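Understanding the architecture of this molecule
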Amino acid sequence: MSKIPYAPAVSSLMYAMVCTWPDIAHAVGVVSRFLSNLRKAHWEAVKWILRYFQGTTQFYLQFGRFEPILKCYSDFDMVGFLDGSKSTLGYVFTFAGGAVLWESKLPKCVALS
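As a starting point, this report considers the structure included with it. (Residues numbered from 1 in each chain as written. Predicted model: local features only at pLDDT ≥ 70, side-chain atom pairs only at ≥ 80, totals over all residues. Heavy atoms only, no water.)

So, the pattern of salt bridges
For clarity, the cut-off: By definition here, a salt bridge exists when the distance from a side-chain nitrogen of Lys or Arg to a carboxyl oxygen of Asp or Glu is within 4 Å. In this description a helix means any DSSP run of H or I spanning at least four residues, a strand means any run of E spanning at least two, and both kinds are numbered starting from the N terminus. Throughout this description, buried means an accessible area under 20% of the type-specific maximum (1.4 Å probe, protein chains only), exposed means over 50%, and partly exposed covers the range between.
For the structure on display, the rule yields one salt bridge. For the salt bridge of E44 with K47, the shortest nitrogen-to-oxygen distance reads 3.3 Å. Of the two residues, E44 and K47 both sit in helix α3 (residues 40–55), three residues apart, roughly one turn of that helix. With relative accessibility at 32%, the residue E44 sits in the partly exposed group. Given a relative accessible area of 28%, K47 falls into the partly exposed group.

This is the structure:
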């Protein structure tokens, strides 16, 4: 696994996520947690995301098709990251039907209640 270009692949996925593909934010966040402790399953996940790109090249962001309304959607899972007992938080802001801001992250602290 030491000869696998995992870090460059993940950084390319992060660039694509930030620029044009908000729907992969969670998947990229998960694979980026294992940059220093790479296993074969993590590399398989990166390849799965790359195959997802191949199947979605006909999709694109488009503005102006819908009414100019700003909307926000958010969600989190309950302790989805078992190693650190943390939940994953995600949100996306859309304007006129196109995503303009999104994020998927682990919180810095753990709620005890």
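Next comes the rest of the write-up.
A closer look at the nonpolar core
Our working rule: Only buried residues count toward a nonpolar core, which is a set of Ala, Val, Leu, Ile, Met, Phe, Trp, Tyr and Cys residues joined through side-chain atoms within 4.5 Å. Whether two residues are in contact is decided by their heavy atoms: any pair within 4.5 Å suffices.
Formed by 17 residues in total, the largest nonpolar core has its most connected members in Y6 and V46. Those elements that place two or more of their residues in this core are α1 (6–19), α2 (25–31), α3 and β3 (98–105). For V46, the residues in contact, after removing those within four places along its chain, are Y6, A9, V10, L13 and V31.

With respect to α1
The condition is simple: Expected helix span is given by 1.5 Å per residue-to-residue step, counting one fewer step than there are residues. Note that the arc is defined by the directions from the helix axis to the C-beta atoms.
Along its 14 residues, α1 runs 20 Å from first to last C-alpha, staying within 8% of the 20 Å computed at 1.5 Å per residue. Every buried residue belonging to α1 is among Y6, A9, V10, L13, A16 and M17, and all of these are buried. One face of α1 carries all of its buried residues, which in axial projection span an arc of 120°. Those residues of α1 that are exposed and aimed more than 90 degrees away from the buried face are Y15 and V18. Check the buried side of α1 and you find it contacts α2, α3 and β3.

Side note on the packing of aromatic side chains
This is how it is decided: Paired rings are identified among Phe, Tyr and Trp, the last through its six-membered ring, by centres lying within 6.5 Å, and are further divided according to the angle between planes into stacked (under 30 degrees), edge-to-face (over 60) and tilted (the rest).
Applying the stated criterion across every chain, the model contains three aromatic pairs. Centroid distance Y91 to F93: 5.9 Å. Interplanar angle 75°. Geometry classified as edge-to-face.

Some details on α3
Taking 1.5 Å of rise per residue, the 16 residues of α3 would be expected to cover 22 Å, and the 23 Å separating its terminal C-alpha atoms lies within 8% of that figure. Those residues of α3 that sit buried are H42, W43, V46, I49 and F53. Axial view of α3: buried residues confined to an arc of 115°, hence all on one face. Exposed side chains of α3 directed beyond 90 degrees from the buried face belong to K40, A41, W48 and Q54. Residues of α3 that are buried make contact with α1 and α2.

Geometric values such as these leave the question of function open.
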